[in-house]
Amino acid sequence: MFYFGVDYYPEHWPEERWSYDADLMAEAGFNIARLGEFAWSRFEPSEGNYDFGWLDRAIEILSDREIRIVLGTPTASAPPWVMAKSPEMFRMLPNGSRVPYGHRREYCPNNPTYIDLSKRIVSALAEHYAERLEITGWQIDNEFGDRCYCPICAAAFHAWLRDRYGTLPILNQVWGTAFWSHEYTDWNQIPTPLADANPHNPGLALDFKRFASDSYVAFQKMQIDILRGKCPGHLITHNFMGFKYPKLDYFDLARDLDFVSWDNYLRMQWTINDGVDSRAAALGHDTMRGLKGRNFWVMEQQSGGGGWECVSVSPRPGEIRLWTYQAIAHGADGIIYFRWRTNRFGAEQYWHGVLDHHGIPGHRYEEIKRIGKEIRNLGETLVGARIESDVALLLSYDSRFSFQVQQGNPDFDYGEHFQDVYSGFAQQNISVDVVQPLDDLDKYRLVIAPALHVVSDAVAENLKRFVQGCGVLVFSARCGVKDVANAVVDRQLPGVLSEMCGTVVEEYDSLPTGVENELEVDHGIPIEGAIAAKYWCDVLKTDQARVVARYTRNYYAGKPAITLNNFGDGKVVYLGTFGEEATYASIAPWLMSLAGVETGINTSRAIEVGVRIKNDKRFLFILNHGAKDEVIKLDKQYHDLLTDIKPITGDIHVAPLDVKILIEIA
Amino acid sequence: MFYFGVDYYPEHWPEERWSYDADLMAEAGFNIARLGEFAWSRFEPSEGNYDFGWLDRAIEILSDREIRIVLGTPTASAPPWVMAKSPEMFRMLPNGSRVPYGHRREYCPNNPTYIDLSKRIVSALAEHYAERLEITGWQIDNEFGDRCYCPICAAAFHAWLRDRYGTLPILNQVWGTAFWSHEYTDWNQIPTPLADANPHNPGLALDFKRFASDSYVAFQKMQIDILRGKCPGHLITHNFMGFKYPKLDYFDLARDLDFVSWDNYLRMQWTINDGVDSRAAALGHDTMRGLKGRNFWVMEQQSGGGGWECVSVSPRPGEIRLWTYQAIAHGADGIIYFRWRTNRFGAEQYWHGVLDHHGIPGHRYEEIKRIGKEIRNLGETLVGARIESDVALLLSYDSRFSFQVQQGNPDFDYGEHFQDVYSGFAQQNISVDVVQPLDDLDKYRLVIAPALHVVSDAVAENLKRFVQGCGVLVFSARCGVKDVANAVVDRQLPGVLSEMCGTVVEEYDSLPTGVENELEVDHGIPIEGAIAAKYWCDVLKTDQARVVARYTRNYYAGKPAITLNNFGDGKVVYLGTFGEEATYASIAPWLMSLAGVETGINTSRAIEVGVRIKNDKRFLFILNHGAKDEVIKLDKQYHDLLTDIKPITGDIHVAPLDVKILIEIA
Amino acid sequence: MFYFGVDYYPEHWPEERWSYDADLMAEAGFNIARLGEFAWSRFEPSEGNYDFGWLDRAIEILSDREIRIVLGTPTASAPPWVMAKSPEMFRMLPNGSRVPYGHRREYCPNNPTYIDLSKRIVSALAEHYAERLEITGWQIDNEFGDRCYCPICAAAFHAWLRDRYGTLPILNQVWGTAFWSHEYTDWNQIPTPLADANPHNPGLALDFKRFASDSYVAFQKMQIDILRGKCPGHLITHNFMGFKYPKLDYFDLARDLDFVSWDNYLRMQWTINDGVDSRAAALGHDTMRGLKGRNFWVMEQQSGGGGWECVSVSPRPGEIRLWTYQAIAHGADGIIYFRWRTNRFGAEQYWHGVLDHHGIPGHRYEEIKRIGKEIRNLGETLVGARIESDVALLLSYDSRFSFQVQQGNPDFDYGEHFQDVYSGFAQQNISVDVVQPLDDLDKYRLVIAPALHVVSDAVAENLKRFVQGCGVLVFSARCGVKDVANAVVDRQLPGVLSEMCGTVVEEYDSLPTGVENELEVDHGIPIEGAIAAKYWCDVLKTDQARVVARYTRNYYAGKPAITLNNFGDGKVVYLGTFGEEATYASIAPWLMSLAGVETGINTSRAIEVGVRIKNDKRFLFILNHGAKDEVIKLDKQYHDLLTDIKPITGDIHVAPLDVKILIEIA
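Visitor: So, the overall build of chain A: which residues are in play, and what are the values?
Guide: In terms of regular secondary structure, chain A is built from 17 helices and 27 strands. By the compact-globule yardstick of 26 Å for 666 residues, chain A fits well, its C-alpha radius of gyration being 26 Å. Considering only C-alpha atoms, chain A reaches an extent of 75 × 75 × 45 Å along its principal axes. Burial status across chain A gives 58% buried among its 666 residues.

Visitor: Just give me the short version of the relation of the copies chain C and chain A, but keep the residues and values in it.
Guide: Placing chain C over chain A gives an RMSD of 0.0 Å and needs a rotation angle of 120 degrees, together with 0.0 Å of translation along the axis. Put plainly, the chains are arranged around a three-fold axis. Looking at the rotation axis and the C-alpha trace of chain C, the residue lying nearest is C:S97, at 5.5 Å.

Visitor: Just give me the short version of the interface of chain B and chain C, but keep the residues and values in it.
Guide: Facing 50 residues of chain B, the contacting portion of chain C comprises 41 residues. No other element matches the three residues that helix 2 (residues 40-43) of chain B contributes to the side of chain B that touches chain C. Considering only residue class, the side of chain B that touches chain C consists of 24 nonpolar, 19 polar and seven charged.

Visitor: I'd like a description of the environment of C:Y50, backed by residues and values.
Guide: Tracing the sequence through the fold places C:Y50 in the loop between helix 2 (40-43) and helix 3 (53-63). Separated by 75 residues in the primary sequence, C:Y50 and C:L125 place their C-alpha atoms 9.0 Å from one another.

Visitor: Mind laying out the sheet that holds strand 3 (residues 68-72) of chain C, listing which residues take part and the relevant values?
Guide: Residue and element names in this part refer to chain C. Taken together, nine strands build an open sheet; the order of strands is 5-4-3-2-1-9-8-7-6 and the sheet is parallel. Among the strands making up the open sheet, the edge pair consists of strand 5 (235-237) and strand 6 (239-240). Inspection of the sheet shows strand 1 (residues 3-7) paired to strand 2 (residues 32-35) by three bridges, in the parallel sense. Each bridged residue has a counterpart across the sheet, and for D7 the counterpart in strand 2 is R34.

Visitor: Requested: an account of the domain arrangement of chain A, with residues and values cited.
Guide: When its domains are assigned, chain A resolves into domain 1 (391-595) and domain 2 (607-664). Each of domain 1 of chain A and domain 2 of chain A has a C-alpha centre, and these two points are 34 Å apart.

Visitor: So, the interface of chain C and chain A: which residues are in play, and what are the values?
Guide: By a widespread convention, an interface's size corresponds to the accessible area lost as its parts come together. Opposite the 50 residues of chain C that make contact, chain A presents 41 residues. Every element with two or more residues in the side of chain C that touches chain A is listed here: helix 2 and helix 4 (80-83) of chain C. With three residues, the top contributor of residues to the side of chain C that touches chain A is helix 2 of chain C. A class-by-class count of the residues in the side of chain C that touches chain A yields 24 nonpolar, 19 polar and seven charged.

Visitor: Kindly report on the pairing of strand 21 (residues 607-614) of chain B, identifying the contributing residues and their values.
Guide: Residue and element names in this part refer to chain B. Relative to strand 22 (residues 617-624), strand 21 is paired through eight bridges, and the arrangement is antiparallel. Looking at strand 22, one finds that K614 is bridged to K617. The antiparallel pairing of strand 21 with strand 22 creates a hairpin that spans two residues between the two strands, and N615 there sits at a positive phi of about 50 degrees.

Visitor: Let's hear about the packing of helix 10 (residues 278-292) of chain C against helix 11 (residues 319-329) of chain C: which residues, and what values?
Guide: Residue and element names in this part refer to chain C. The N-to-C vectors of helix 10 and helix 11 enclose an angle of 35 degrees; their axes lie 9 Å apart at closest approach. Judged by the sense of rotation from one axis to the other, the crossing of helix 10 with helix 11 is right-handed. The segment helix 10 lies against helix 11, with S278, A281, A282 and H285 engaging W323, Q326 and A327. Across the contact of helix 10 with helix 11, the residue classes break down as four nonpolar, three polar and no charged.

Visitor: Describe the packing of helix 5 (residues 112-129) of chain B against helix 8 (residues 202-230) of chain B, with residues and values.
Guide: Each pair of packed helices can be described by the angle between their axes along with the distance between the axes. Residue and element names in this part refer to chain B. Their axes nearest at 9 Å, the elements helix 5 and helix 8 cross at an angle of 25 degrees. Between helix 5 and helix 8, the interaxial angle falls into the category roughly parallel. The element helix 5 and its partner helix 8 pack so that their crossing is right-handed. Contact residues: helix 5 offers I115, S118, K119, V122, S123, A126 and E127, while helix 8 offers M222, Q223, I226, L227 and K230. Class assignment for the residues of the contact of helix 5 with helix 8 results in six nonpolar, three polar and three charged.

Visitor: Explain helix 12 (residues 363-382) of chain C to me, using residue names and the numbers behind them.
Guide: All names here are of chain C. Taking 1.5 Å per residue as the helical rise, helix 12 with its 20 residues ought to reach 28 Å, and the 26 Å between its terminal C-alpha atoms agrees with that figure. Its axis deflected by about 45 degrees at R376, helix 12 carries its strongest bend there. Along helix 12, the positions that sit buried rather than exposed are R364, Y365, E367, I368, I371, G372, I375 and G379. Among the structural elements, strand 1, helix 1 (18-28), helix 11 and strand 9 (332-338) are those in contact with the buried residues of helix 12.

Visitor: Could you give me a rundown of helix 6 (residues 151-165) of chain A, with the residues and numbers involved?
Guide: Residue and element names in this part refer to chain A. Spanning 15 residues, helix 6 covers 20 Å between terminal C-alpha atoms, matching the ideal 21 Å at 1.5 Å per step. Along helix 6, the residues that are buried comprise C153, A156, F157, W160 and L161. The buried residues of helix 6 occupy one face: seen down the axis, they fall within an arc of 145 degrees. Here the buried face of helix 6 lies against helix 7 (168-175) and helix 8 (202-230). Just beyond helix 6, the residue with positive phi is G166, at close to 80 degrees.

Visitor: Can you tell me about the sheet that holds strand 21 of chain B, naming the residues and giving the values?
Guide: Residues and elements named next belong to chain B. Ordered by their spatial adjacency, five strands build an open sheet running 21-22-27-24-25, and the pairing between neighbours is antiparallel. Edge strands, defined here as strands with exactly one partner in the open sheet, are strand 21 and strand 25 (645-648). Strand-to-strand twist across the sheet, computed as the mean angle between neighbouring axes with direction ignored, equals 25 degrees. Sheet topology places strand 24 (residues 638-640) next to strand 27 (residues 659-664); three bridges connect them, and they run antiparallel. Its bridge partner being in strand 27, D640 is matched across the sheet by L662.

Visitor: Describe the confidence of the model for chain A, listing the residues and the values that go with them.
Guide: Summarising the model, chain A shows a mean pLDDT of 96, and 99% of its residues fall at 70 or more. Scoring the predicted complex yields pTM 0.97 and, for the interface, ipTM 0.96.

Visitor: Before we move on, could you go through the pairing of strand 8 (residues 296-302) of chain B and cite the residues and values that matter?
Guide: Residue and element names in this part refer to chain B. A large share of strand 8 lies buried, amounting to seven of its seven residues. Pairing between strand 7 (residues 261-264) and strand 8: four bridges, direction parallel. Bridge pairing links N264 to Q301 in strand 8.

Visitor: How would you explain unusual backbone geometry if you had to name every residue and give the values?
Guide: Cis geometry is found at the peptide bond from A:L493 to A:P494, where omega equals 0 degrees. Secondary-structure assignment places A:P494 in the loop between strand 13 (472-475) and helix 16 (498-501). If you check the backbone angles, B:E66 has positive phi at about 60 degrees while not being a glycine. Following the sequence through the fold, B:E66 ends up in the loop between helix 3 (53-63) and strand 3 (68-72). On the basis of neighbour count, B:E66 is assigned to the exposed category, with 11 C-beta atoms found within 10 Å.

Visitor: Describe the environment of A:E15, listing the residues and the values that go with them.
Guide: Position of A:E15 relative to the elements: it lies in the loop between strand 1 (3-7) and helix 1 (18-28). With 296 residues separating them in the primary sequence, A:E15 and A:V311 have C-alpha atoms 28 Å apart.

Visitor: Outline the environment of A:L62, listing residues and values.
Guide: Residues and elements named next belong to chain A. Its location among the elements puts L62 in helix 3 (residues 53-63). The class of L62 is buried, set by 27 C-beta atoms lying within 10 Å. For the pair L62 and A26, spaced 36 residues apart in sequence, the C-alpha separation works out to 8.5 Å. In this view, L62 contacts A22, A33, I67 and I69; residues no more than four positions away in its chain are not counted.

What counts, and where the lines are drawn
- Residues numbered from 1 in each chain as written.
- Chains lettered and ligands numbered in written order.
- Predicted model: local features only at pLDDT ≥ 70, side-chain atom pairs only at ≥ 80, totals over all residues.
- Helix = DSSP H or I, 4+ residues; strand = E, 2+ residues; numbered from the N terminus.
- Rg over C-alpha atoms; globule rule 2.2 N^0.38 Å.
- Buried ≥ 20, exposed ≤ 12 C-beta atoms within 10 Å, placed from the backbone.
- Least-squares fit on C-alpha atoms with pLDDT ≥ 70 in both.
- Contact = placed C-beta atoms within 7 Å.
- Nonpolar A, V, L, I, M, F, W, Y, C, P; charged D, E, K, R; others polar.
- Pairing = 2+ DSSP bridges.
- Domains from an automatic or database assignment.
- Axes fitted to C-alpha atoms, helices over the stretch in contact; angles between N-to-C directions.
- Left-handed = near helix turned anticlockwise from the far one by under 90°.
- Parallel < 35°, antiparallel > 145°, perpendicular 65-115°, else oblique.
- Expected span 1.5 Å × (residues − 1).
- Bend = angle between axes of the 7 residues up to and from the residue.
- Arc of directions from axis to C-beta.
- pLDDT = per-residue confidence, 0-100.

Below you can see the structure in the form of structure tokens.
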């Protein structure tokens, strides 16, 4: 079943309105609603006094219209009576002050009182709803994140470190605390890395980020254990924040869940011009699919302008539909719009939903209703259809956290670099997976490791195995710089990766803002166009690898910038600098040809092509993110699933913000 | 009597100098001086030990030269011994830290110890000076402002809320605390809105701003009660900070006073180029006049470059005189220059006065002396002369506070928008009043309500009454969005104003920075020039109102942006977007013609024309704020009061920074 | 002996590596190494348990290769067990929060526990190494600086004030605390100037900066006393941070030391383009030489890219050598490179040294080895050679601190202005000394006092004496504004300097950002080119002095901007505005001709010429800081000491980043 629904807060509206809202939802084609998120004060108005009657009534009204339910556990925002129990429950910011009451997510995830109260409300909810057939599953909390630096977290950090290192001499050794006399002689001396002492020891700083991530994984696990115990038939998810959110290791957070869902907002800008970066959403979808290697849901799909103090640009007519199909093209098996009706109260007064404040259906509702109709026809056909990729990008939260400790170059950002590489490949209209460095890579032909900064021996072995088994592996600059304790390796870069690269970094140059180098591609390498080198230049030295491109400026002009090495039965490319999306779009075809990966349909950048596969059938999604009519040349005969016209062949036109879903006619 | 004087701090200078200073003051034509402000440590060197002898001597020296006295109560800056009584006396900043000692205005206005000590010093002063005939009146404290977020204020806020809402269920209902589980079960749970929890519940945030404003109103009232009790013959004022200061409801603060005075600084820029915005000062004057619907004083008129750490641009020769007459043109019946001599010590070492640090009279003194001579001739003639306006702007502190909670669009500012609208009308050389939405509007023909965001039922009724009684009422975008609890209304915008507008907002578009729309005016509407639409576009839908202009860009091109509705015997114009000064200057003549308001003399923008009326005589002020000689065409015969030349007729020349004061010859 | 060496941290590397490193050092020509800095946790792993064995072994390995030792006292970064003793040991920031543990320099210099523990570790070190002949001397702590605002410092500040002023009435008088009722009645009421109360009383603010500087002078003196007592044969220094560091009075800090050394980093930029400001390094050297009027060492000479979170631009090939000879040209008798090998751990992981992380010698090592060879030949010849200057600049930390309290104009910076003046003279290729206003000035012909803001009577007398004895003295704007209590003087500016200037400031104009004036030079004054007037314009009035230049814009066009006065047998020039480097380069030749100072060799700006003198021999250093080959015209016959070629005459070519050291052939 394809889930198509809405995030709904009946507790914000008069009960008299509920039936009318449910009718409108049913008319829109919704078959699921998320309820209960943030409703702790209604579930437990005072300690130990529970009230689920209002939610039972809301569920009944929805069930009567065949709308199923995802229930949120309400721990993301605690009632005043909970937070009044102790000032220690409030999260400590990096500046050492506590988050005050008045927003949400005030809590410290390691606070025992908060954990205890969370257990009780989740248990009460789980017991009440365990047997209810209308419940599809649970969303735990809401958008986990943000690190706490409090003394309770410090103590938990000490336990985490003791667990990891066993003894202080070992910790002192791997962190290198001899530097600046930071040698710890008591676990309690170890601080959380407060901002006024920046920069901290990089080993401490990286471990703290891992610990903070693990704290939320544990807080989630506590809830999962309760729900699994009491409601074995229900599915469990959490709403992630896509590729962009950098503070949690999402692979770890996904591990204990049944499936991944995420919150997809594309029109959040207030200050930039009129564009939407559809590639960013695409990377969000592919990353979310990659967390468990499995299809996912969009738990919150933007359906109106966002905003807290300010109102963002609103989705343009057609965009909600376009984004919905983009999600499906990337593997979404559920789409839930946020939120039903724009709230009249509260901090998210301007976070617009399907309906405006006044509750009268307008063009956004009508657009969703149209999608609902299309989904009714298509949903069953598509649900469970897989994405198949020959190409994978390695996402390393260790590396990402390490760059948060030391950016290296002030204009470099791991996430932006990853996005640039991704977008360069996405322009080839091929599917790309996002996986972990320790995942099994055998099913890929081409693997790219953007700025894989922290590399364990196990990761190095995994990568070698992949290459030796005929894979093509691509590194960009700053790979292999750090060991797992965030120390710089004791050998020439890229350290433990050097052997497979057949090259070493003789020296490097961190470029000031506004300064670039340019590469010249060696004769015989089929890369077109000039290649800009940004942020960082590794000057390479190689006896063994083939030089692919060289710097053209500065005192290292003529020295190698890109090398290609044969290793085992595979190949390793080292890109000793950083580029932009266009750079990777230029290089991608060459890398794909090295790996024997076929290119997708050739289109302008405005067009995105996605493929889902089910029972050997390939569903082709053609999405026009641009403002102009686009013409796509088809090489075969297709059936247009949205218009039911067939056969379609030759040139097809796709209007701005429009979508085609085609299936090949045998 | 027209008051013409100076702010004087004899305690900063050797007593030997006082007589010489007083001679210079008399020579400048001063008849009043403000004394005693900030002198608490001299009045009460230690607790309960009073010393007014030095001030008595200073007053005597001034009185001997027929200079009268306004006394300041000294509570704006407490001596170290006062603030040493308790760390709780220090105001808490939005970040949760306390203002430390060392500047001024450190105090929490709700601190009972501070209130008690303030009562005692004010009582002692009042008793000492109650019978002194030289005293014209009192200025309470100095430039009230800045919110305190401390626990004592929190408790006072709880009392204020209990007073307003009675019960927590009602408060929870109107604030909508069901959102994010903020339902309060104990008054003490309600926080002050500290910055790290932003954004807060908009209801809480708006009420806190009202409460903080009321705290200063109460602190002032405490002093007024003492002074009224002990010195019934003295006038009482406070020195306001003009239109620009946005944190206090100045109508409330003015209510208990005998008259309003304010501090007028035009040359405070350090970073911008060479201009002075004379329209900003004009709006300041008109707002101050509007607070009590009565003439006012300038208690601090800039007489030198301002500055704390840095020195601002100094008034150019001629500007002090120009600004003095501008104030008078707008209804000032007293002008007091700040300050006599530039201080050699203290944080305001670079806040320059009439004399420089060295005390030798220079060109600024000479310029003021010239004004003094002119005022000696003119003052009695002008004092009490009224301003009469057919046009009023509605200033709503509720709306202003609400926009401080949620700006709506990152480039929108309530104060700047208000100023733009004001300046557009001021360019017509007509008088404009600034009044409250609940004021009696019957005497106006044209009323403009810029961004009247928060609208109570009573306000809506008042506006309807005005329109039905033949008025023309103009709204700009974002009117009627909020109820008094800062919730978005439960119906289509402009909510409770929709009926009189005859139009509703079908949807809205918050524009990103740098993006504009443009309006096309419908055939037959006499507005000249293109109209830019900035920040926000309300897309209007109307069956009833006439469409005045339409958008020309984006997906809502062709849809209505401005409508005109007949309602009762009046008319209502809804401007569904925001413009700049030039926009309102283009629209104003059309609106004035709708309302039957006559335009003023036609001049370039550099010229400002003001009219005061007394005993049926109209005094015409022509002020040249520009750098060029300007020629004004007179239609009648006039008497030039400054030069005493008559008759004047036809073209008159006004030199840069010069002034004409004309009276019609019958 | 010329000291040529490296900063070395053997405790960061395996002991097995030490001999290999020492061999490489010896091969590079090093004869000294700084050790022990930051090694407190290795010296005293727990309280009172000392371990110097590891350092003894490292010293032995170095001594075996004839490398001598400077030992650092380790108090700049305390081990966790030290800082765990009390939260009061942590320095308080201006925002009132404490520096947390995790970086370095966490300590309050007035904390008695910290002082006590420091005494003990320094005593233990001194006792252990007192008799060791390999030890040349000691560096105390590391880069003193940063003010502490804690209650213990407040108490120490009160004692300091009591010492300075004796009684509170006197303090209240000179600070002018009558302003805003700040009159103190108890010493304990006096706050440290926390940021949230800015601006503070300027008297308090200036005195606090003096006190904070004195606190470090006292902390250093405590260590000097111990070392002098136990190790009378050892030299004592501290590593200063050059001209740019503005928070300590470096003259005071240098007074108790045997010699001055400093840390010279030129390539620290991450955001600006590719340039290095060689004049800034030159001013650093000259200032450091001026602190004791004696040659100095570079204790940390940059040998790789710097960086904490980010990596800066790395020295370009040739720059390390160029900077080394620049230091020598300005009077360095010791050059020590920072650091030996780039650290794999800790906050300075990216602060690169002679070797990279991997420890394999690269081109930076080779460049230093080349210098080592050259120094072996030249060092003995040059060591002790003097710099002789006819021109001095007066550096006043009182004035610098005063501008930190009140910048005056938002674009004015004392340090930048000083640098601009310095660079204008340095372009004449002459030597310039940097001295204190109270120093004996008799040996100079020309003295420049840039923005000498705070002037005591003693300073005024010293300057008069200099001028009357035939000197030429030059002031720029904002001289003589303040008395020593930071009050504005009670007379026309430049106050106590007016008599010798023969001019007074009639008024002044602080220019907004982007606004300039321009000067026209009077007929007969040999200054070429237009002179821009920036930030500030003093409008001068003079009966006595000759007008040199006048303003050309604004209402004071035609009024004097620069005057020249005969006073005694000397001359005084008052520059009533600020310029840029080019301005002073234009004016310098005229000022030098007034004073009878000869100009140096005429070269392009890229070339720097330095002269050292020993036994009547003049060593000429010609340094090419530019990117182009430069041709210098020689007027005599020279011996090229680096190439040993002679005679050299006529045109010589100096390649980019190359150096010539020439000695005249008699």
